[in-house]
Amino acid sequence: MCIRDRYQRRVHGDYQIFGGEVMALSREENVFMSKITEQTERFEDMIEYIKKIVNSEAELTVEERNLLSVAYKNSVGSRRSAWRALSSIEQKEEAKGGARLPLIREYKKRVEGELAKFCNEIIKLLDERLVKNAKNAEGKVFFLKMKGDYFRYICEFATGDTHAKSSQSALEAYKAASDIAASELKTTDPIRLGLALNFSVFYYEVINEPPKACALAKQAFDEAIADIEHLEEDKYKDSTTIMQLIRDNLTLWTSEMGDGPEEGDH
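A quick note: this is a predicted structure, and the numbers were derived from the prediction, not measured. (Residues numbered from 1 in each chain as written. Predicted model: local features only at pLDDT ≥ 70, side-chain atom pairs only at ≥ 80, totals over all residues. Heavy atoms only, no water.)

> Would you mind going over the environment of Glu-94 with me for this structure?
Here Glu-94 lies in helix α4 (residues 62-95). With sequence-adjacent residues up to four places away left out, Glu-94 is seen in contact with Leu-101 and Arg-105. (Helix = DSSP H or I, 4+ residues; strand = E, 2+ residues; numbered from the N terminus. Contact = heavy atoms within 4.5 Å.)

Below is the structure:
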(Lines give C-alpha, C1' and ligand atoms only; values in the text may rest on other atoms or scores of the structure.)
Protein backbone atom coordinates (compact mmCIF):
# COMPACT_ATOMS: atom_id res chain seq x y z
CA MET A 1 0.00 0.00 0.00
CA CYS A 2 1.44 3.41 -0.90
CA ILE A 3 1.86 6.13 1.74
CA ARG A 4 -1.02 8.16 0.31
CA ASP A 5 -3.41 5.20 0.52
CA ARG A 6 -2.28 4.26 3.99
CA TYR A 7 -3.32 7.59 5.45
CA GLN A 8 -6.36 8.27 3.30
CA ARG A 9 -9.70 8.07 5.05
CA ARG A 10 -12.68 6.96 2.99
CA VAL A 11 -16.35 6.49 3.76
CA HIS A 12 -17.96 3.15 2.92
CA GLY A 13 -21.49 2.58 4.27
CA ASP A 14 -21.37 2.97 8.06
CA TYR A 15 -17.68 2.20 8.27
CA GLN A 16 -14.57 4.35 8.23
CA ILE A 17 -11.63 2.74 6.45
CA PHE A 18 -8.37 4.05 7.87
CA GLY A 19 -4.92 2.52 7.65
CA GLY A 20 -6.38 -0.68 6.24
CA GLU A 21 -8.65 -1.24 9.27
CA VAL A 22 -12.45 -1.13 9.09
CA MET A 23 -14.29 0.30 12.09
CA ALA A 24 -18.05 0.59 12.63
CA LEU A 25 -19.15 4.10 13.51
CA SER A 26 -20.87 4.71 16.82
CA ARG A 27 -24.18 6.55 17.04
CA GLU A 28 -22.37 9.70 18.17
CA GLU A 29 -19.95 9.45 15.24
CA ASN A 30 -22.81 9.09 12.76
CA VAL A 31 -24.41 12.21 14.25
CA PHE A 32 -21.08 14.03 14.00
CA MET A 33 -20.61 13.02 10.36
CA SER A 34 -24.21 14.03 9.61
CA LYS A 35 -23.34 17.52 10.83
CA ILE A 36 -20.12 17.61 8.82
CA THR A 37 -21.91 16.58 5.64
CA GLU A 38 -24.59 19.20 6.31
CA GLN A 39 -21.95 21.91 6.70
CA THR A 40 -20.32 20.84 3.44
CA GLU A 41 -23.72 20.53 1.72
CA ARG A 42 -23.17 16.85 0.92
CA PHE A 43 -26.78 16.01 1.63
CA GLU A 44 -26.88 12.58 0.01
CA ASP A 45 -23.92 11.54 2.16
CA MET A 46 -25.79 13.05 5.11
CA ILE A 47 -28.71 10.73 4.37
CA GLU A 48 -26.46 7.70 4.53
CA TYR A 49 -25.05 8.62 7.93
CA ILE A 50 -28.39 9.46 9.56
CA LYS A 51 -30.00 6.32 8.06
CA LYS A 52 -27.58 4.21 10.10
CA ILE A 53 -29.18 5.55 13.25
CA VAL A 54 -32.69 5.09 11.88
CA ASN A 55 -31.94 1.49 10.92
CA SER A 56 -30.70 0.74 14.44
CA GLU A 57 -34.38 0.84 15.53
CA ALA A 58 -33.57 3.43 18.20
CA GLU A 59 -35.94 6.32 18.86
CA LEU A 60 -34.43 9.44 17.34
CA THR A 61 -33.54 12.41 19.51
CA VAL A 62 -34.81 15.86 18.53
CA GLU A 63 -31.40 16.64 17.08
CA GLU A 64 -31.31 13.41 15.06
CA ARG A 65 -34.78 13.81 13.62
CA ASN A 66 -33.93 17.39 12.59
CA LEU A 67 -30.78 16.12 10.86
CA LEU A 68 -32.88 13.50 9.06
CA SER A 69 -35.33 16.17 7.95
CA VAL A 70 -32.56 18.46 6.68
CA ALA A 71 -30.86 15.64 4.76
CA TYR A 72 -33.95 14.57 2.83
CA LYS A 73 -35.46 18.03 2.42
CA ASN A 74 -32.31 19.36 0.76
CA SER A 75 -31.76 16.28 -1.39
CA VAL A 76 -35.36 16.39 -2.58
CA GLY A 77 -35.60 20.19 -2.60
CA SER A 78 -32.88 20.67 -5.20
CA ARG A 79 -34.62 18.17 -7.46
CA ARG A 80 -38.04 19.78 -6.94
CA SER A 81 -36.50 23.07 -8.08
CA ALA A 82 -34.90 21.38 -11.07
CA TRP A 83 -38.20 19.75 -12.02
CA ARG A 84 -40.05 23.07 -11.88
CA ALA A 85 -37.40 24.74 -14.02
CA LEU A 86 -37.52 21.89 -16.55
CA SER A 87 -41.32 22.06 -16.68
CA SER A 88 -41.10 25.76 -17.51
CA ILE A 89 -38.47 25.15 -20.20
CA GLU A 90 -40.57 22.30 -21.60
CA GLN A 91 -43.61 24.56 -21.94
CA LYS A 92 -41.62 27.22 -23.76
CA GLU A 93 -40.07 24.68 -26.12
CA GLU A 94 -43.45 23.11 -26.77
CA ALA A 95 -44.99 26.49 -27.57
CA LYS A 96 -42.38 27.23 -30.21
CA GLY A 97 -42.19 23.68 -31.52
CA GLY A 98 -38.58 23.24 -30.45
CA ALA A 99 -36.69 20.31 -31.94
CA ARG A 100 -34.99 19.60 -28.60
CA LEU A 101 -38.24 18.88 -26.77
CA PRO A 102 -37.62 15.09 -26.58
CA LEU A 103 -34.26 15.71 -24.89
CA ILE A 104 -35.85 17.99 -22.30
CA ARG A 105 -38.59 15.47 -21.56
CA GLU A 106 -36.10 12.64 -21.25
CA TYR A 107 -34.05 14.59 -18.74
CA LYS A 108 -37.18 15.62 -16.85
CA LYS A 109 -38.08 11.93 -16.48
CA ARG A 110 -34.65 11.29 -15.03
CA VAL A 111 -35.21 13.98 -12.40
CA GLU A 112 -38.64 12.51 -11.66
CA GLY A 113 -37.01 9.13 -11.12
CA GLU A 114 -34.60 10.63 -8.60
CA LEU A 115 -37.45 12.41 -6.83
CA ALA A 116 -39.43 9.20 -6.61
CA LYS A 117 -36.40 7.33 -5.25
CA PHE A 118 -35.75 9.73 -2.39
CA CYS A 119 -39.42 10.26 -1.55
CA ASN A 120 -40.21 6.54 -1.48
CA GLU A 121 -37.07 5.85 0.53
CA ILE A 122 -37.98 8.22 3.37
CA ILE A 123 -41.63 7.14 3.28
CA LYS A 124 -40.51 3.53 3.76
CA LEU A 125 -38.34 4.53 6.74
CA LEU A 126 -41.27 6.44 8.22
CA ASP A 127 -43.66 3.53 7.76
CA GLU A 128 -41.36 0.77 8.95
CA ARG A 129 -39.44 2.48 11.74
CA LEU A 130 -39.80 6.15 12.56
CA VAL A 131 -43.51 6.54 13.31
CA LYS A 132 -43.78 3.37 15.38
CA ASN A 133 -40.56 4.09 17.30
CA ALA A 134 -41.65 7.61 18.29
CA LYS A 135 -42.69 7.46 21.93
CA ASN A 136 -44.19 10.93 22.39
CA ALA A 137 -46.81 13.01 20.59
CA GLU A 138 -44.31 15.55 19.29
CA GLY A 139 -42.29 12.85 17.55
CA LYS A 140 -45.34 11.12 16.07
CA VAL A 141 -46.71 14.40 14.69
CA PHE A 142 -43.29 15.31 13.31
CA PHE A 143 -42.95 12.03 11.41
CA LEU A 144 -46.57 11.79 10.24
CA LYS A 145 -46.30 15.35 8.91
CA MET A 146 -43.08 14.33 7.17
CA LYS A 147 -44.89 11.37 5.60
CA GLY A 148 -47.62 13.67 4.31
CA ASP A 149 -45.03 16.07 2.94
CA TYR A 150 -43.20 13.46 0.86
CA PHE A 151 -46.39 12.03 -0.57
CA ARG A 152 -47.29 15.62 -1.45
CA TYR A 153 -43.97 16.04 -3.23
CA ILE A 154 -44.72 12.93 -5.28
CA CYS A 155 -48.05 14.49 -6.23
CA GLU A 156 -46.20 17.45 -7.75
CA PHE A 157 -44.80 15.36 -10.61
CA ALA A 158 -46.82 12.12 -10.63
CA THR A 159 -49.85 11.50 -12.82
CA GLY A 160 -52.71 9.03 -13.03
CA ASP A 161 -52.99 6.29 -10.42
CA THR A 162 -49.71 7.20 -8.71
CA HIS A 163 -50.92 10.76 -8.20
CA ALA A 164 -54.29 9.60 -6.86
CA LYS A 165 -52.77 7.11 -4.42
CA SER A 166 -50.11 9.56 -3.24
CA SER A 167 -52.73 12.24 -2.70
CA GLN A 168 -54.85 9.90 -0.59
CA SER A 169 -51.83 8.75 1.41
CA ALA A 170 -50.77 12.35 2.06
CA LEU A 171 -54.28 13.22 3.22
CA GLU A 172 -54.36 10.26 5.62
CA ALA A 173 -50.95 11.10 7.07
CA TYR A 174 -51.78 14.78 7.54
CA LYS A 175 -55.11 13.93 9.16
CA ALA A 176 -53.50 11.42 11.54
CA ALA A 177 -50.89 14.00 12.52
CA SER A 178 -53.57 16.68 12.98
CA ASP A 179 -55.64 14.47 15.29
CA ILE A 180 -52.66 13.92 17.59
CA ALA A 181 -51.55 17.55 17.42
CA ALA A 182 -55.02 18.84 18.30
CA SER A 183 -55.17 16.78 21.48
CA GLU A 184 -51.52 16.67 22.55
CA LEU A 185 -49.65 19.77 21.33
CA LYS A 186 -50.10 23.43 22.18
CA THR A 187 -51.59 25.69 19.53
CA THR A 188 -48.32 27.63 19.45
CA ASP A 189 -46.08 24.58 19.08
CA PRO A 190 -43.93 25.01 15.94
CA ILE A 191 -44.47 21.40 14.89
CA ARG A 192 -48.25 21.82 15.10
CA LEU A 193 -48.05 25.12 13.21
CA GLY A 194 -45.75 23.64 10.56
CA LEU A 195 -48.23 20.83 10.09
CA ALA A 196 -51.10 23.29 9.62
CA LEU A 197 -49.02 25.27 7.13
CA ASN A 198 -48.15 22.26 4.98
CA PHE A 199 -51.56 20.61 5.28
CA SER A 200 -53.20 23.81 4.05
CA VAL A 201 -50.74 23.99 1.13
CA PHE A 202 -51.72 20.40 0.31
CA TYR A 203 -55.41 21.36 0.21
CA TYR A 204 -54.65 24.36 -1.98
CA GLU A 205 -52.08 22.91 -4.38
CA VAL A 206 -52.94 19.20 -4.62
CA ILE A 207 -56.60 18.77 -3.71
CA ASN A 208 -57.46 22.16 -5.24
CA GLU A 209 -59.81 23.14 -2.44
CA PRO A 210 -58.93 26.77 -1.58
CA PRO A 211 -61.79 27.20 0.94
CA LYS A 212 -60.55 24.26 3.01
CA ALA A 213 -56.97 25.50 2.76
CA CYS A 214 -58.00 28.93 4.00
CA ALA A 215 -60.19 27.57 6.79
CA LEU A 216 -57.43 25.30 8.09
CA ALA A 217 -54.78 28.02 7.92
CA LYS A 218 -57.03 30.64 9.54
CA GLN A 219 -57.98 28.35 12.41
CA ALA A 220 -54.35 27.51 13.14
CA PHE A 221 -53.31 31.16 13.00
CA ASP A 222 -56.19 32.43 15.14
CA GLU A 223 -55.68 29.75 17.79
CA ALA A 224 -51.97 30.47 17.99
CA ILE A 225 -52.54 34.23 18.25
CA ALA A 226 -54.97 33.67 21.11
CA ASP A 227 -52.29 31.75 23.04
CA ILE A 228 -49.26 33.78 21.96
CA GLU A 229 -48.65 35.10 25.49
CA HIS A 230 -47.99 31.56 26.69
CA LEU A 231 -45.43 30.80 23.96
CA GLU A 232 -42.18 29.42 25.37
CA GLU A 233 -39.16 31.63 24.75
CA ASP A 234 -37.11 28.86 23.09
CA LYS A 235 -39.86 28.25 20.53
CA TYR A 236 -40.82 31.87 19.93
CA LYS A 237 -38.75 32.46 16.79
CA ASP A 238 -39.77 29.21 15.05
CA SER A 239 -43.45 29.60 15.91
CA THR A 240 -43.76 33.24 14.87
CA THR A 241 -41.89 32.59 11.62
CA ILE A 242 -44.35 29.83 10.68
CA MET A 243 -47.29 31.98 11.73
CA GLN A 244 -46.07 34.66 9.34
CA LEU A 245 -45.90 32.12 6.51
CA ILE A 246 -49.46 31.01 7.29
CA ARG A 247 -50.64 34.62 7.25
CA ASP A 248 -48.84 35.27 3.95
CA ASN A 249 -50.60 32.28 2.38
CA LEU A 250 -53.96 33.41 3.72
CA THR A 251 -53.43 36.86 2.24
CA LEU A 252 -52.55 35.38 -1.14
CA TRP A 253 -55.28 32.77 -1.21
CA THR A 254 -58.14 34.97 -0.03
CA SER A 255 -57.25 37.77 -2.43
CA GLU A 256 -56.69 35.68 -5.53
CA MET A 257 -58.10 32.17 -5.05
CA GLY A 258 -56.02 31.25 -8.10
CA ASP A 259 -53.11 29.01 -9.00
CA GLY A 260 -50.39 30.95 -7.26
CA PRO A 261 -47.18 29.26 -6.11
CA GLU A 262 -46.97 27.94 -2.60
CA GLU A 263 -45.64 30.76 -0.46
CA GLY A 264 -44.75 28.66 2.52
CA ASP A 265 -43.57 25.13 3.14
CA HIS A 266 -41.99 24.20 6.41
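The discussion continues.
> Quick question: what am I supposed to make of the packing of helix α9 (residues 210-226) against helix α10 (residues 236-256) here?
Pairs of packed helices are described in terms of their axes, by the angle between the two and the distance that separates them. At a closest axis distance of 10 Å, the pairing of α9 and α10 adopts a crossing angle of 140 degrees. Of the possible angle classes, the one that applies to α9 and α10 is oblique. Note on packing geometry: the crossing formed by α9 with α10 is left-handed. The segment α9 lies against α10, with Ala-213, Cys-214, Ala-217, Lys-218, Phe-221, Ala-224 and Ile-225 engaging Met-243, Ile-246, Arg-247, Leu-250, Trp-253 and Thr-254. (Axes fitted to C-alpha atoms, helices over the stretch in contact; angles between N-to-C directions. Parallel < 35°, antiparallel > 145°, perpendicular 65-115°, else oblique. Left-handed = near helix turned anticlockwise from the far one by under 90°.)

> Before we go on, may I ask you to explain the nonpolar core in this structure?
Within the largest apolar cluster, 70 residues are counted, with the highest numbers of intra-cluster contacts made by Leu-68, Ile-122, Leu-130, Phe-143 and Tyr-150. Elements that contribute at least two residues to this core include exactly α3 (43-54), α4, α5 (101-133), α6 (137-157), α7 (160-184), α8 (190-205), α9 and α10. Looking at which element gives the most residues to this core, the answer is α6, with twelve residues. (Core = buried A, V, L, I, M, F, W, Y, C linked by side-chain atoms within 4.5 Å. Buried < 20%, exposed > 50% of the residue type's maximum accessible area, 1.4 Å probe, protein only.)

> Which parts of the structure should I look at to understand α3?
Residues separated by three or four positions in an α-helix point in the same direction, a consequence of the helix having 3.6 residues per turn. Here α3 is twelve residues long and its end C-alpha atoms lie 16 Å apart, about the 16 Å a rise of 1.5 Å per residue gives. Those residues of α3 that fall on the buried side of the exposure criterion are Phe-43, Met-46, Ile-47, Tyr-49, Ile-50, Lys-51, Ile-53 and Val-54. (Expected span 1.5 Å × (residues − 1).)

> Honestly, unusual backbone geometry in this entry has me stumped. Any pointers?
Glycine aside, negative phi is the norm for most residues, and most peptide bonds take the trans geometry. For Glu-57, which is not glycine, the phi torsion reads 70 degrees and is therefore positive. In this structure, Glu-57 sits in the loop between α3 and α4. We classify Glu-57 as partly exposed; its relative accessible area is 38%. Unusually for a residue other than glycine, Asn-208 sits at a positive phi of about 60 degrees. Among the secondary structure elements, Asn-208 is positioned in the loop between α8 and α9. Look at Asn-208 and you get exposed, because its relative accessible area is 53%.

> Could you clarify how one ought to interpret the packing of aromatic side chains in this entry?
How two aromatic rings sit relative to each other is set out by the distance from centre to centre and by the angle between their planes. Tallying each qualifying case throughout the model produces eight aromatic pairs. Seen in terms of ring centroids, Tyr-150 and Tyr-153 are 5.0 Å apart; in terms of plane orientation they differ by 80 degrees. Their pairing is edge-to-face. With Tyr-150 and Tyr-153 both in helix α6 and three residues apart, this pair spans about one turn of that helix. The two residues Tyr-150 and Tyr-153 agree in class, both being buried. Both rings, one in Phe-199 and one in Phe-202, keep their centres 6.3 Å apart while their planes meet at 35 degrees; by these two values the pair is tilted. With a gap of three residues between them, Phe-199 and Phe-202 both fall in helix α8, about one helical turn apart. (Phe/Tyr/Trp six-rings, centres within 6.5 Å; stacked < 30°, edge-to-face > 60°.)

> When you look at the state of the cysteines in this model, what are you seeing that I'm missing?
A covalent bond bridging the sulfur atoms of two cysteines is what the word disulfide describes. One pass over the structure, following the stated rule, counts zero disulfides. With no disulfide of its own, Cys-119 has Cys-155 as its nearest cysteine by sulfur position, at a separation of 9.8 Å. (Disulfide = S-S within 2.5 Å.)

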